[in-house]
Amino acid sequence: MAASELYAKYARVWLPDAGTVWKSAELTKDYSPGDLKLTLQLEDGTEVVHQIDPQTNNLPPLRNPNILVGENDLTALSYLHEPAVLHNLKVRFIDSKLIYTYCGIVLVAINPYESLPIYEADIINAYSGQNMGDMDPHIFAVAEEAYKQMARDERNQSLIVSGESGAGKTVSAKYAMRYFATVSCSSSEASVEERVLASNPIMEALGNAKTTRNDNSSRFGKYIEIGFNKKHCIIGANMRTYLLEKSRVVFQADDERNYHIFYQLCASSHLPEFKAFKLGCADDFHFTNQGQSPVIDGVDDAKEMCNTRRAFSMLGISESDQMAIYQILAAILHLSNVEVKDQSADRSSILPDSVHLMVFCELMGVPCEDMAHWLCHRKLKTTTETFIKSVSKMNAVNGRDALAKHIYARLFSWIVCGINNALKSAAKQHSFIGVLDIYGFETFDVNSFEQFCINYANEKLQQQFNLHVFKLEQEEYMKEEIPWTLIDFDDNQPCIDLIEAKLGVLDLLDEECKMPKGSDDTWAQKLYNTLLKQNAHFDKPRMSNRAFIIHHFADKVEYQCEGFLEKNKDTVNEEQINVLKKSKVDWLLKLFEDDETATSSTNKHKSTVTGRAGQSQRDNKKTVGLQFRQSLHLLMDTLNATTPHYVRCIKPNDDKSPFIMDPVRAVQQLRACGILETIRISAAGFPSRWTYQEFFRRYRVLMKQKDVLHDRKQTCKNLLEKLVKDQDKYQFGKNKIFFRAGQVAYLEKLRSDKLRMACVRIQKTIRCWLARKKYLRMRESAVTIQRHVRGHQARCYVKFLQRTRAAVLIQRNVRMWVTRTRYQQQRSAAITVQCFLRAYMARKQYYKLVFEQKAVVIQKWVKGWRARRRYKRTMAAIVLLQSCVRRMKAKKELKKLKVEARSVERIKKLNIGMENKIMQLQHKINEQHKDNRELSERLNVLEKTQTTEREKRNREIENLRRSEQEAQAKAVTLPSLLEQLSFLQHELENTRREKEDLEEQTKVYKEQTQQVIEDLNMKNSLLNGEKDEMNKRILEQADQLTEISTNIENAKQLERDLTEERSRYQSLLSEHLHLEERHRDVKEEMNLSISTIKSDHKRTDSNYSRNSSEFSQSLGSTEGEDGSIQTKNQNQTTVDLQVLLKLQRRVKELEQDRQSLSQQLDNREEAQQEKAKEVEEQRTVGRAELDLETLKRQELESENKKLKQDLNELRTSLTNEDSELAPPIPGSLPYNILLEQLGSSNEELEMRKEEVMLLRSHMVRQEALKHKDSLLGEGVNLDLSDIPSFQDVDRSTDIHTLNEDGELWLAYEGLKETNRILECQMQEQKRGHHEDNRKLLEEVNKFKAEKEQQQKLLAQSLLLPEDARIEASLKHEITRLTNENLELMEQQEQQDEDMRKLKKTLKLYIKKVEDLEASVQQKNKAPVMTAPVRAVNITRKEKEYRGMLEYREGDETRLVKKLVVDLKPRGVAVSFIPGLPAYIIFMCVRYADNVNDDQRVSTLLNSTISSIKGVIKRRGKNFEVVSFWLANTCRLMQCLKQYSGDETFATHNTAKQNEHCLANFELSEYQQVFGDLAIQIYRQLIKCMEDILQPLIVASMLEHETIQGVLGSKPTGLRKRSSSFSEQAVTVEVLLQRLGVFHATMSQHGMDLDLIKQLVKQQFYIICAVTLNHLLLRKDMCSWSKGLQIRYNVWQLEEWLAERELSDCGAKETLEPLVQAAQLLQIKKKTEADAQVIGTMCSALTTAQIVKVLTLYTPVIEFEERVPTTFITTVKNLLKDRVESTTLMMDTKKIFSITLPFTPSSVALETIQIPASLNLGFLARI
């Protein structure tokens, strides 16, 4: 394109400026070729003229369009030059607060000088797995690219972080290492990532210091290799260090510090373990007080010391080694305070009583005299003699400082070696990622040997960088098959040769160091003579002969030769080292081993020793320069063998001010770090690169419809050939279009012009439409006004006619009303007179009838009394007569019996009975003797025991005396214990008082409730007079409502707390289960590694996680309340008549349905009654046996109790030593007499007992016979014939050996019958009493309601006019009659129900009679039948299953394998009922419960749990499997609850289901275990869904664009997102389709609807969180058009919810942050009112997120504007009072707490059949 087209009017260019480096200007006149000046206008309005050199004709660089400013990649700029790079970095850093920017393959990081919330774990998770160009520039993106390439290409990677001091190199390297440690999975070695990160605090403490440019400046370079295994897990690390700044140990400039470790040690000197070091404040030591800045703002050295010690411990460095390290550091500090006295010009000495020297020697374990001597002397050796020479004070001080530096360097090397040993892994390293944190190019006013080495290293790194960039450019062109020419770039190999080649600077320096009298001046002259005229990169200053200049790639640097030789040789007194080698401290000797055996991981810092040594020894010693060159070559070999990634750190200003950029300093660093060289190389070729799809989407507006072809590549070619005539400005590759610099800006200009013309056309059309719409609206308004005016006139005339007619009508009605009122008054008076007269006559007749009736009653009672008196007299005479007759008969019978008693046969009969009794008595006597012997033996044992106990008591008394003495010693603690006891008693008393107060309050409350009821009854009669009290009560109710609202709020708060507690519990449960799985995995690996023989090893789960009882109870109560609370509010409004009539019709229909269904219930109820009768009979038999056993048990217990009492009394009497009379001795005469008396008393007691039992049996039997035929004794069945004959019963049984006649058995039966009669009577009376009370209460409530309703109607009717009153009374009467009708219908239904029951009972009795008759006839019938019998078909009755599955013991493994392990969810879910495996397992559990086998239950359930866990572990990534087992686990848990027999769950069951409840075992603990398992599977399901949705969310919600061309994306740089623009783009429809598959799968598996809603809510939260996080991390997505696209996509998600009736699941609320972010992108953002609107609207976004979106907002087209910084500040000020989280990202790992509601199953267990396809033939239905 011609320059005249580019440099036209209004074109913007860059002009050089001394203060800002570059300033912007705008052309005010077109440029023509040949012009020698440009007329420009600056941004401040100043007119300037820019002169053009006629020889070069170089025009000022053009400025990029505003739309390209602020890009993530500098290579995306159309014009690539220094001002464009500087301006883009400035806009991103200052305006957008973005510190990272890409420049091709380089990440530019600018130090913000404040902490930013962009390094948290959620940011790491957001960048993990993402392509480098998909997200905004970040150090994590570079680290992820390196990690991904290492895993993909199996090639080692390097991350090169460079920059000058204070630019943030160390922090960037630390964050990169943290990223690697976070994203890499854990290896076999525990916490290796933490140990790698733990090396940072140690190296910062020992190698970092405060400088004038940086508070934490690294004073050494390091290269850390992080090793990975084949699974890409960190297994170890290795560190190499370069060029430690040892001079800082002994010297610091103003406002600088020594290394941090010294100040940390001084800050911790008060600790006990550091007391022996005799340290103090840092200002007390010479090595730490030279900079006069011992404190860093915001840094606590004591706290940092704790971190350092913790890091040492984490790396495995023992406490003794740590203390040895601190001891040496303390010794160095004391060495700095050793004062050297000047005795003469060449002599010096140290006082022998120098305190610091003594402490130094004590800490180092060396003789004080030797060290003091050799600090002031040196040894000189010749070939024949050795001389000891004193040194001057200055040389002595330098020797002291050299010793301190040498000790610190050795200590530093040893610590690095120790860190490497701690990070070394035994496993084989498969690959590594190296992180190089090295100093950048440095130039100061005085540059010495350190700066020379640093700049030498940067020359090598720059050469490697240039070659790598050129190689990438070449590979890109070859890949796209584009013809390319060799790009010329500055090669710095001549500068490197100047430094390291033969006869170079380093070679000459080493040669001069070998010379005996070599000096800095002689070395400088050699440099001038050798290099000045031979190398163009070497120069000599004009005014100095002791300096030289080298032209580096970044700038020319002047180096001062002073100190070069001394620093290169690094000398130290050999005798001082020998003194240290004789130390008594063993640990110190490790630091000073010979160089041949010394172990050093860094291979640097080997000091040379002064003195005259042999030539061979001097030749073998390596100088610092040689060591550095060798280590640098080794580093370059390592970097060349890896794939490098570059991070260039920029220091924005020297004042450490946050987000302020000094352009001069920034340009210096950009030139020094090679950024501008990268830009130059890129600009020399084709810097702008577009894929064909990107180009088509962006510039679709420049095409016509006919130009769009199916082949996108050909379409783009045709368009470019049409728009850009010069073919050299672009090239077509295989997948991309390559543009020269400036072409994208030209295309953007064409695009903006096209859009501007389209906007003008749209505005023209819209303005025409608005004008026409305004005219039509005005015309319509005029017509409307006319219509309304005419209508108003017509209405006025009609109103006049209506009023005239209404007046006539009113007059007529008034006259009629007056006449009717008069008539009604007369009629009412007549009726009143008639009423009173008739009432008087009726009362008179009533009194007469009452008088007559009372006379009749009196006569009746008198006659009855006389008749009863006559009857009683007659009965007394009859009884007397009968008594006399019976007495006479009794006397005769007595005489007869006396005669018979004297006969011999009677005596014989009596003797027979006596013999039997004598034998029994003899047997009892033997038993008594046996008992007596046992008692005597027991007495002997007791006596011995008593003696033993006396001795024991004596010993205890001695022990008590000793314990008393000890108690007196411990009496000091008694007051505190007494205080605690008194406090506890006080609390107990308070609790008791509170309990009494609560009881009193309850009592008072009951009394108050009773009083309120009485008051209400009284107030019903005095309602009109107590209106004021009712108002007061209304006020009280208002207060109660306030309290209720407060209680509701408290309940909501409790519910929120419960939700949080549940969430915490579930997260802890998930973590516990995760740790448990890891433990099992590790255990399995260990078992496999130890012994491979045991292949059939099995593991059983024995530990199940349980939550606290409080949580389970609260959860259960919450579920119960949710399922059982049902409130019914009865509306007391007047019932509508039509509604009542409709209800009557509906009642009739329901009555017909009821009658039709009643017949179907008869058969079932008859069957149930038969079964119930059989069960009752079995219960009756069992009850009789139980009563018999109970009687026996009670008698035995009573006898046993008496025996125990007697024995205790006997023991008491025998062991009572305090009694006056001693107990009788066993075997003595009194003792035997007592035993005989005891036996006789027992026999007498038995005889009395038998007599009492006989009498009682007779009485009970007579009473039972009396009530046998009574109405209350219908249930008594005293069948004496069933009593077995006692002659046939064995007399050895326990029942009938009490007496011979069986009278006790009769007494027992009689007592049973009597108890049953009394129980029946009491139950009957109780039922009748309850029924009467219930009916009375119902009637009272009914009367109260009617009374209140009548009072209300009466009060309302009094306020109504007469006509309305009549109508209201009529309506009330109709309502009352309707209610009575309904009540009568209900009574009729009840009577019909009773009749139906009686009919069924009658049918049952008839059937029994028929069966009895048939049986009698069958007995009477002949056994043989000769008549032929007709053939009858015998049908098999249908089996009634019990809902159980029988299985053999040991089949649990087969069952679980078939039903869980080998089951395919898809076939089961499609073919059978949902939850079939859960039902089958529960039916097997029911069988195990039925057989009362707890081992089977536990085995089956434990095997099921283990198998489900195994399936989830193996196939946890399969959504269908996880969803299937989540549904079945929940169903099994619901079955355990539903059939547990708990009343809370039983209310939801049918009667049949309640019969299937578990009978023997209570499995509430397994309910909790299955609940925990369901939570685990739920979380696995969420993880599975997240893995599936994660690749779709960003592509569908953010990257896909529905409207192409107009809303196309901006041009991108070198790092493109080609994967997002494939032909098969991921749209939001794909996401919705995936969500639909999830929902359909879960529904098909029979998952509970509440659980599905919770999962959908979690899905939408994941979509929102991932989308919003990527939006916050992608600047290219923050635009107006993208907000429109997001809102459209969210609308589609909401429509998906509405289609599936899931709008109430809370998923829409989770999308609120995303919706508000989209609205924030589209809302106006200019004024303060807009800021207030944003603060109100964005309630779901945090302040950090709002500010981030506003900061990232990027215009896509020229018509948009960036958000001003002042507006963002205004928003910050408005939102500063918000109390919210400061995190930027949404937590994508957040999982809402799950609630598992109880959902009873309607499936009947007895109807479930086992499909044959499951291969469960070993199960049998019962």
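For the structure itself, consult the block above.
Residues numbered from 1 in each chain as written. Predicted model: local features only at pLDDT ≥ 70, side-chain atom pairs only at ≥ 80, totals over all residues. Heavy atoms only, no water.

**Some remarks on the sheet that holds strand 23 (residues 688-691)**
Thinking step 1. Strand order in this open sheet of three strands is 23-25-24, and the pairing throughout is antiparallel. On the outer flanks of this sheet lie strand 23 and strand 24 (730-732), each paired with one strand and no other. Neighbouring strand axes in the sheet, compared pairwise and without regard to direction, differ in orientation by 20° on average.
Thinking step 2. Pairing between strand 24 and strand 25 (residues 736-739): three bridges, direction antiparallel. Across the sheet, tyrosine 730 pairs through a bridge with phenylalanine 739, a residue of strand 25. (Pairing = 2+ DSSP bridges. Helix = DSSP H or I, 4+ residues; strand = E, 2+ residues; numbered from the N terminus. Axes fitted to C-alpha atoms, helices over the stretch in contact; angles between N-to-C directions.)

**Considering helix 5 (residues 169-183)**
Thinking step 1. If you check helix 5, its first and last C-alpha atoms are 21 Å apart, about what 15 residues at 1.5 Å a residue would give, namely 21 Å.
Thinking step 2. Turning to helix 5, its buried residues are Lys169, Thr170, Ser172, Ala173, Tyr175, Ala176, Met177, Tyr179, Phe180 and Ala181. (Expected span 1.5 Å × (residues − 1). Buried < 20%, exposed > 50% of the residue type's maximum accessible area, 1.4 Å probe, protein only.)

**Quick look at the nonpolar core**
Thinking step 1. One finds Phe180 and Phe548 to be the most contacted residues of the largest nonpolar core, which totals 349 residues.
Thinking step 2. Here this core takes 18 residues from helix 42 (residues 1564-1599), the largest share from any one element.
Thinking step 3. Counting residues in each nonpolar core, the second largest holds 13 residues, with Tyr7, Leu42, Ile52 and Leu62 among its members. (Core = buried A, V, L, I, M, F, W, Y, C linked by side-chain atoms within 4.5 Å.)

**What about a positive patch on the surface?**
Thinking step 1. A surface patch of like charges, here positive, comprises Arg886, Arg887, Lys889, Lys891, Lys892, Lys895, Lys898 and Arg902.
Thinking step 2. Counting through the fold element by element, arginine 887 comes out in helix 26 (residues 743-901). (Patch = residues over 30% accessible without salt bridge, like charges linked within 9 Å, V, L, I, M, F, W, Y side chains within 5 Å. Areas by Shrake-Rupley, 256 points an atom, 1.4 Å probe, with all protein chains shown as cover. Salt bridge = Lys/Arg side-chain N within 4 Å of Asp/Glu carboxyl O. Lys, Arg positive; Asp, Glu negative; His and termini not counted. Charge placed at Lys NZ, Arg CZ, Asp CG, Glu CD.)

**A closer look at helix 8 (residues 301-314)**
Thinking step 1. If you check helix 8, its first and last C-alpha atoms are 20 Å apart, about what 14 residues at 1.5 Å a residue would give, namely 20 Å.
Thinking step 2. The set of residues buried in helix 8 consists of Asp301, Met305, Thr308, Arg309, Ala311 and Phe312. In a view along the axis of helix 8, the buried residues occupy a sector of 160°, so they form one face of it.
Thinking step 3. The residue sitting at the N-terminus of helix 8 and contributing the capping side-chain oxygen is aspartate 300; that oxygen lies 3.2 Å from the backbone nitrogen of alanine 302.
Thinking step 4. With its phi angle positive at about 85°, glycine 316 sits one or two positions after the end of helix 8. (Arc of directions from axis to C-beta. Polar contact = N/O pair within 3.5 Å; in protein donor to acceptor, adjacent residues only side chain to side chain.)

**Details of the sheet that holds strand 19 (residues 556-560)**
Strand pairing in a sheet relies on backbone hydrogen bonds, with the paired strands running either antiparallel or parallel.
Thinking step 1. The strand order across the open sheet built from three strands is 17-18-19, with neighbouring strands paired in antiparallel fashion. Of all strands in the sheet, those bounded by a partner on one side alone are strand 17 (538-539) and strand 19.
Thinking step 2. Here strand 18 (residues 547-551) pairs with strand 19 via five bridges, running antiparallel. Within strand 19, the position partnered with isoleucine 550 by the bridge is valine 557.

**Section: the pattern of salt bridges**
Should their charged atoms come close, side chains of opposite charge can pair.
Thinking step 1. Inspection of the entire model under this criterion finds 41 salt bridges.
Thinking step 2. In this structure, arginine 240 engages glutamate 225 in a salt bridge whose closest nitrogen and oxygen atoms are separated by 3.2 Å. Here arginine 240, found in strand 11 (residues 234-242), pairs with glutamate 225, found in strand 10 (residues 221-228); they are 15 residues apart in sequence, far enough to count as distant.
Thinking step 3. Counted as one network, the salt bridges with shared partners bring together Glu164, Lys651, Asp654 and Arg665.

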